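Chains, contacts and geometry: an overview
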Amino acid sequence: MTDMFSVATESAGGVGVVVLAGEVDIYTAPRFKEAMLELLDAGVGKLVVDLSAVTFIDSTALGVLIGGLRRVHDAGGVMALVVATPAVQRVLTITGLDRVFSVHDTRDAALAALA
């Protein structure tokens, strides 16, 4: 298990942000999922997942992202990702998820896309 992982959340005005850093994998994905679900359960309709400080993402974390997207869409909301590292961008491209998610280079761009 990695000790580099961190997760933080912010919310204001119906917009939630989950900020991740480090490696998001089978060991850390449950903490990511819990943080995201807490925001969604609190009524956030617009969600940004900031992956700009993520150095590695595995299939478990991708599953959490997909589950979050489904839940947001089922509630009539929208979701965007912030991706700034080549490693995460490559995984999204290889899996085709770059066409499923709204992907942005910065948090400001992601928030603007949800407006």
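Here's a quick rundown of the structure. (Residues numbered from 1 in each chain as written. Predicted model: local features only at pLDDT ≥ 70, side-chain atom pairs only at ≥ 80, totals over all residues. Heavy atoms only, no water.)

Take the overall build of the chain next. Helix and strand counts for the chain come out as four helices and five strands. What you see in the chain, going N to C, is helices and strands ordered as β-β-α-β-α-β-α-β-α. Radius of gyration (C-alpha) of the chain: 13 Å, near the 13 Å computed for a compact globule of 115 residues. Reported as C-alpha extents along the three principal axes, the dimensions of the chain are approximately 35 × 25 × 25 Å. A separation threshold of at least 6 residues defines the contact pool for the chain, and within that pool the share at least 24 residues apart is 65%. Just so you have it, the chain exposes about 5800 Å², and 54% of that area is on carbon and sulfur atoms. Across the chain, 8 positive and 13 negative side-chain charges occur, with their mean positions spaced 6 Å apart. (Helix = DSSP H or I, 4+ residues; strand = E, 2+ residues; numbered from the N terminus. Rg over C-alpha atoms; globule rule 2.2 N^0.38 Å. Contact = heavy atoms within 4.5 Å. Areas by Shrake-Rupley, 256 points an atom, 1.4 Å probe, with all protein chains shown as cover. Lys, Arg positive; Asp, Glu negative; His and termini not counted. Charge placed at Lys NZ, Arg CZ, Asp CG, Glu CD.)

With that settled, the discussion passes to the pattern of salt bridges. When the charged atoms of two side chains lie near each other, side chains of opposite charge can form a pair. Evaluated as defined, the whole model comprises four salt bridges. Note that E10 and R107 form a salt bridge whose closest N and O atoms lie 3.2 Å from each other. Taken together, the residues E10 in strand β1 (residues 6-12) and R107 in helix α4 (residues 107-114) connect sequence positions 97 residues apart. Taken together, the shared-partner salt bridges connect E10, D50 and R107 into one network. (Salt bridge = Lys/Arg side-chain N within 4 Å of Asp/Glu carboxyl O.)

On to the side chain of D50. Here D50 is to be found in strand β3 (residues 46-57). Residue D50 is classed as buried on the basis of its relative accessible area, which comes to 5%. Within the structure, the side chain of D50 is placed 3.2 Å from the side chain of R107, a separation counted as a polar contact. The residues contacting D50, other than those within four sequence positions of it, are V18, V19, L20, V82 and R107. (Buried < 20%, exposed > 50% of the residue type's maximum accessible area, 1.4 Å probe, protein only. Polar contact = N/O pair within 3.5 Å; in protein donor to acceptor, adjacent residues only side chain to side chain.)

F32, V49, L65 and M79 are the most contacted members of the largest nonpolar core, which totals 28 residues. Only β2 (15-24), α1 (29-41), β3, α2 (59-74), β4 (78-82) and α3 (86-95) provide two or more residues apiece to this core. Dropping the residues within four chain positions of it, M79 is found in contact with M36, L47, V49, L65, G68, L69, V72, F101, S102 and L114. (Core = buried A, V, L, I, M, F, W, Y, C linked by side-chain atoms within 4.5 Å.)

With mixed pairing, the five strands of this open sheet are ordered in space as β1-β2-β3-β4-β5. Each having just a single partner strand, β1 and β5 (102-104) make up the two edges of the open sheet. The sheet shows a mean angle of 20° between the axes of neighbouring strands, direction not considered. Relative to β5, β4 runs parallel, the two being bridged by three bridges. (Pairing = 2+ DSSP bridges. Axes fitted to C-alpha atoms, helices over the stretch in contact; angles between N-to-C directions.)

Across the interface, α1 lies against α2 with an axial gap of 9 Å and an inter-helix angle of 10°. On the basis of their axis angle, the class for α1 and α2 is roughly parallel. In contact with A29, F32, K33, M36, L37, L40 and D41 of α1, α2 contributes T60, A61, V64, L65, G68, R71 and V72. Per-class residue counts for the contact of α1 with α2 are nine nonpolar, two polar and three charged. (Parallel < 35°, antiparallel > 145°, perpendicular 65-115°, else oblique. Nonpolar A, V, L, I, M, F, W, Y, C, P; charged D, E, K, R; others polar.)

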